[in-house]
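Chain by chain, the residues:
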Amino acid sequence: MPTVLEALENRSSKRAYSDVKIPHETLEKILRAAGMTPSGANMQPWVTYAVSNADKLKKVGDAVIAKMDEGIEHDQFIQYYPVKWTNPYKSCRIVTGSGLYKLMEVDRKDNETRIQMWKDNFRWFGAGTVIFVFTNKANIDGSQGALIDCGAYMQSIMLAAQEFGIDSCPQGSTTEFGRVVAEALEVPDNLALLYSVVLGYADKEAKINSYRPKRVNLEESVTFID
Ligand SMILES: Cc1cc2nc3c(=O)[nH]c(=O)nc-3n(C[C@H](O)[C@H](O)[C@H](O)COP(=O)(O)O)c2cc1C
């Protein structure tokens, strides 16, 4: 069983999965543990749909891909990525993206393959379970605390999953089509999608799963005041 530090260090986003299903009890254990995530005023603003039904996942994926094919870039409740990319984040995005395409031997100009790789998000990378995390729209009406809480909840899910040898990929790609996802999942009208997390058993042979983008040095992101 990994220690917390090992789980933090070993986790990475996996983008190819075997078809082995996660047992329901395991999923319950992961989500019960993630439910212990702290939140401001103990609001617990996450509203979670854990979907392992293949037809439902296909329905959601088809709906998003159909929107993309119409040329629609987003249909969202919240704006996840910066509207205007500035450095150093712009360069992080470029380095991380180009590193993945280089590993996969995809040419910089090969837009078709790049789009296909992005669409794989909506085929859930072959994983059998996707956790869709919503919050009540009232929580994002001018305040951002719920986003902080639900971000911590995301990491809890991914770390708890590690204990069971289950891998993950967080998805802001679904955030961008949050309204489409909400409609396809037929969730109540008061909910807004924040993100999803793909869960499953990574395909150990898949080259794409060897991708480990680097982090900035501690000195660059942390100021110690002793
Ligand atoms: C909120 C969030 C949204 C993300 N959205 C996507 C996504 O839609 N598709 C994807 O393939 N990866 C997505 N990622 C994964 C990031 O690209 C990845 O976490 C980052 O490059 C660091 O790599 P690692 O997770 O393998 O350590 C997302 C990560 C986070 C935290």
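Every chain is numbered on its own, with residues counted from 1 as its sequence reads. Per-residue local features are limited, in this predicted model, to residues with pLDDT of at least 70; the limit for side-chain atom pairs, both in listing and counting, is 80 or more; totals at the level of whole chains, interfaces and linings are taken over all residues.

Student: What's the story with the sheet that holds strand E3 (residues 167-171) in this structure? I'm lost.
Tutor: Strand pairs in the sheet, formed through backbone hydrogen bonds, run parallel or antiparallel to each other. At least two bridges found by DSSP between two strands is the condition for calling them paired. Only DSSP runs of H or I with at least four residues qualify as helices, and only runs of E with at least two residues qualify as strands; both kinds are numbered from the N terminus onward. Strand order in the open sheet formed by four strands is E1-E2-E4-E3, and the pairing between neighbours is antiparallel. One side of each edge strand has no neighbouring strand; the edge strands of this open sheet are strand E1 (47-51) and E3. Strand-to-strand twist of the sheet, defined as the mean angle between neighbouring strand axes without regard to direction, takes the value 20°. Here E3 pairs with strand E4 (residues 191-200) via five bridges, running antiparallel. The convention used is that axes are lines fitted to C-alpha atoms, helices contributing only their stretch in contact, and that angles between N-to-C directions extend from 0 to 180 degrees.

Student: Which parts of the structure should I look at to understand the site of the ligand?
Tutor: Neighbouring residues of the ligand: Ser12, Ser13, Arg15, Thr96, Asn121, Cys169, Pro170, Gln171, Gly172, Ser173, Tyr195 and Pro213. The dominant element in the shell around the ligand, judged by the number of residues it contributes, is E3, at three residues. For the shell around the ligand, the class distribution of residues is four nonpolar, seven polar and one charged. Using a C-beta atom placed from the backbone, a residue is scored as near a molecule or strand whenever that atom is within 6 Å of it. Here the nonpolar group is Ala, Val, Leu, Ile, Met, Phe, Trp, Tyr, Cys and Pro; Asp, Glu, Lys and Arg are the charged ones; every other residue, Gly included, is treated as polar.

Student: Could you clarify how one ought to interpret the nonpolar core in this entry?
Tutor: Here is a general trend for soluble globular proteins: nonpolar side chains tend to be buried in one another's company. One finds Val133, Met154, Ile157, Val181 and Val198 to be the most contacted residues of the largest nonpolar core, which totals 38 residues. Contributing elements (two or more residues each) for this core: helix H2 (24-34), helix H3 (54-69), strand E2 (129-136), helix H6 (145-163), helix H7 (178-185) and E4. It is the C-beta atoms, placed from the backbone, that decide contacts: two residues are in contact if theirs lie within 7 Å. Apart from residues lying up to four places away in sequence, Met154 is in contact with Val133, Pro170, Tyr195 and Val197. In plain words, the nonpolar core is the set of buried Ala, Val, Leu, Ile, Met, Phe, Trp, Tyr and Cys residues that C-beta atoms within 7 Å link up. We call a residue exposed when 12 or fewer other C-beta atoms sit within 10 Å of its C-beta, buried when the count reaches 20 or more, and partly exposed for counts in between; the C-beta positions come from the backbone.

Student: For this particular structure, what's the right way to read unusual backbone geometry?
Tutor: Note on backbone geometry: most residues besides glycine have negative phi, and most peptide bonds are trans. Here the residue pair Asn87 and Pro88 is connected by a cis peptide bond, since its omega of 10° sits within 30 degrees of zero. Structurally, the position occupied by Pro88 is in the loop between H3 and helix H4 (89-103). We note that Glu105 has phi near 55°; this positive angle belongs to a residue other than glycine. Assessed through the 9 C-beta atoms surrounding it within 10 Å, Glu105 is described here as exposed. Not every positive phi belongs to a glycine, and Phe125 is a case in point at roughly 55°. Following the sequence through the fold, Phe125 ends up in the loop between helix H5 (111-119) and E2. Taking the number of C-beta atoms within 10 Å as the measure of exposure, Phe125 has 24 and is therefore buried.

Student: How should the pairing of E4 be read in this particular structure?
Tutor: Look at any regular strand and the pattern is simple: side chains alternate between the two faces of the sheet. A large share of E4 lies buried, amounting to nine of its ten residues. Here eight bridges tie E2 to E4, and the two strands are oriented antiparallel to one another. Bridged to Val130 within E4 is Val198.

Student: Help me out: how do you make sense of the packing of H3 against H7 in this one?
Tutor: Axes are the key here: two packed helices are described by the angle between their axes and the distance separating the axes. Viewed as axis vectors pointing N to C, H3 and H7 meet at an angle of 145°, and their least axial separation amounts to 9 Å. Handedness of the H3/H7 crossing: right-handed. Taking contact as the criterion, the partners of Lys59, Val60, Ala63, Val64 and Lys67 in H3 are, on H7, Val180, Val181, Ala184 and Leu185. Split by residue class, the contact of H3 with H7 holds seven nonpolar, no polar and two charged. By convention, the crossing between two helices is left-handed when the near helix turns anticlockwise from the far helix through less than a right angle, and right-handed when the turn is clockwise.

Student: Before we go on, may I ask you to explain H3 in this structure?
Tutor: Along an α-helix, a turn takes 3.6 residues, which lines up residues three or four apart on a common side. Expected span of a helix, by definition, is 1.5 Å for each gap between consecutive residues, and there is one gap fewer than residues. Here H3 contains 16 residues, and its C-alpha end-to-end distance of 22 Å stays within 8% of the 22 Å for a straight helix at 1.5 Å per residue. Among the residues making up H3, those that are buried are Leu57, Val60, Gly61 and Val64. Down the axis of H3, the smallest arc covering the buried residues is 95°, so these residues share one side. The exposed residues of H3 that point more than 90 degrees off its buried face are Asp55 and Asp69. On its buried face, H3 sits against E1, E2 and H7. Backbone geometry just downstream of H3 places Gly71 in the positive-phi region, at approximately 90°. The directions considered for the arc are those from the helix axis to the C-beta atoms.

In short, the description is geometric, and any link to function would need to be established separately.
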